[in-house]
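The residues making up each chain are set out below.
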Amino acid sequence: MYGHQDHQTRDWRRKSPDRRSLFHAHLSRPLGDSWTTRDRSIDTRDQYPLSTMDNQIRNYSSEHGEETFEHFTERFVKFFDNVDDVFELQRGLNNAFGYDLVPSPSVIAAALKASRRVDDYATAVRVFEGLKVKAGSDALYKQYLDELAPLKNELGVQTKEELGL
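What you see is a predicted model, and the numbers here were worked out from it, not measured in a lab.

**Remarks on the overall build of the protein**
Here is step 1: Of the regular secondary structure elements, the protein holds 9 helices and 2 strands.
Here is step 2: For the protein, the N- to C-terminal ordering of α and β elements is α-β-β-α-α-α-α-α-α-α-α.
Here is step 3: Counting across all 165 residues of the protein, residues that qualify as buried make up 26%.
Here is step 4: If you take every contact in the protein between residues at least 6 apart in sequence, the share linking residues at least 24 apart comes to 60%.
Here is step 5: When the accessible surface of the protein is summed, it comes to about 12,600 Å², and 52% of that surface belongs to carbon and sulfur atoms.

**Considerations on the side chain of S104**
Here is step 1: Position of S104 among the secondary structure elements: in the loop between α5 (86-98) and α6 (105-117).
Here is step 2: One polar contact links S104 to T73, side chain to side chain, over a distance of 3.5 Å.
Here is step 3: For S104, the side chain forms a polar contact with the side chain of S106, separated by 2.9 Å.
Here is step 4: Non-local contacts of S104, meaning those with residues more than four positions away in its chain, are made with F69, T73 and Y144.

**Remarks on the confidence of the model for the protein**
Here is step 1: Scored by pLDDT, the protein has a mean of 78; 61% of the residues are at 70 or more.
Here is step 2: In the model, residues 33-37 has pLDDT below 50 throughout and makes 13 contacts with residues more than four positions away in sequence or in other chains.
Here is step 3: pLDDT under 50 marks residues 52-61. Its contacts with residues more than four places away, or in other chains, come to 1 contact.

**Quick word on the pattern of salt bridges**
Here is step 1: Across all of its chains, the model carries 8 salt bridges by this definition.
Here is step 2: The residue R116 makes a salt bridge to D119 at a minimum N-O spacing of 3.9 Å.
Here is step 3: One salt bridge connects K152 with E162, and the closest N-O pair in it is separated by 2.8 Å. Linking K152 in helix α8 (residues 138-155) with E162 in helix α9 (residues 160-163), this pair joins segments that are 10 residues apart in sequence.
Here is step 4: Assessed through its relative accessible area of 9%, K152 is described here as buried.
Here is step 5: Given a relative accessible area of 45%, E162 falls into the partly exposed group.
Here is step 6: The network of salt bridges with shared partners includes R126, E129 and K160.

**With respect to the side chain of D120**
Here is step 1: By secondary structure assignment, the location of D120 is in the loop between α6 and α7 (121-135).
Here is step 2: Buried and unpaired, D120 has R126 as its nearest opposite-charge partner, separated by 9.2 Å.
Here is step 3: Within the structure, the side chain of D120 is placed 2.3 Å from the side chain of T123, a separation counted as a polar contact.
Here is step 4: Discounting chain neighbours no more than four positions away, the residues touching D120 are V86, Q90 and S115.

**Regarding the environment of V77**
Here is step 1: Inspection of the secondary structure assignment puts V77 in helix α4 (residues 69-81).
Here is step 2: The partly exposed category is assigned to V77, whose relative accessible area is 21%.
Here is step 3: Considering only alpha carbons, one finds V77 and P105, 28 residues apart in sequence, at a separation of 10.0 Å.
Here is step 4: Look past the residues within four positions of V77 in its chain and what remains in contact with it is S106, V107 and A110.

What counts, and where the lines are drawn
Residues numbered from 1 in each chain as written. Predicted model: local features only at pLDDT ≥ 70, side-chain atom pairs only at ≥ 80, totals over all residues. Heavy atoms only, no water. Helix = DSSP H or I, 4+ residues; strand = E, 2+ residues; numbered from the N terminus. Buried < 20%, exposed > 50% of the residue type's maximum accessible area, 1.4 Å probe, protein only. Contact = heavy atoms within 4.5 Å. Areas by Shrake-Rupley, 256 points an atom, 1.4 Å probe, with all protein chains shown as cover. Polar contact = N/O pair within 3.5 Å; in protein donor to acceptor, adjacent residues only side chain to side chain. pLDDT = per-residue confidence, 0-100. Salt bridge = Lys/Arg side-chain N within 4 Å of Asp/Glu carboxyl O. Lys, Arg positive; Asp, Glu negative; His and termini not counted.

Written out as structure tokens, the structure is:
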């Protein structure tokens, strides 16, 4: 029978409007209202005034100027020249590839040398993977590979494609 409901289903449906109304009442409270916890009242509006937070964010972000591509290159070459462990190398690569630009060949070369210094072949292969993604076009990626070919051969690093992966 299609219209038949058993006893348990009817009991659950009878209880559900009360549960739903409590749940919806909780969600419909405006943010920042006072919350009562045990015997004390906490008002979140007084703890974090928006005007103060806006000024802090605005002041913090205004202290930093625009970084030129040359300064970016110099900074990351210096960073990779001083890398001592795999964690620092991978952190530097994440930071370098996180910008909205393709790192210069000198940055890539410094990263490859650093991966050799810390003896991490897998990260060296991943440098080329990241470069391929950041380059965006096969022509630009090919230019980077051509320019880095002597260093790549010297270090014995192959790309993912050359490894057949």
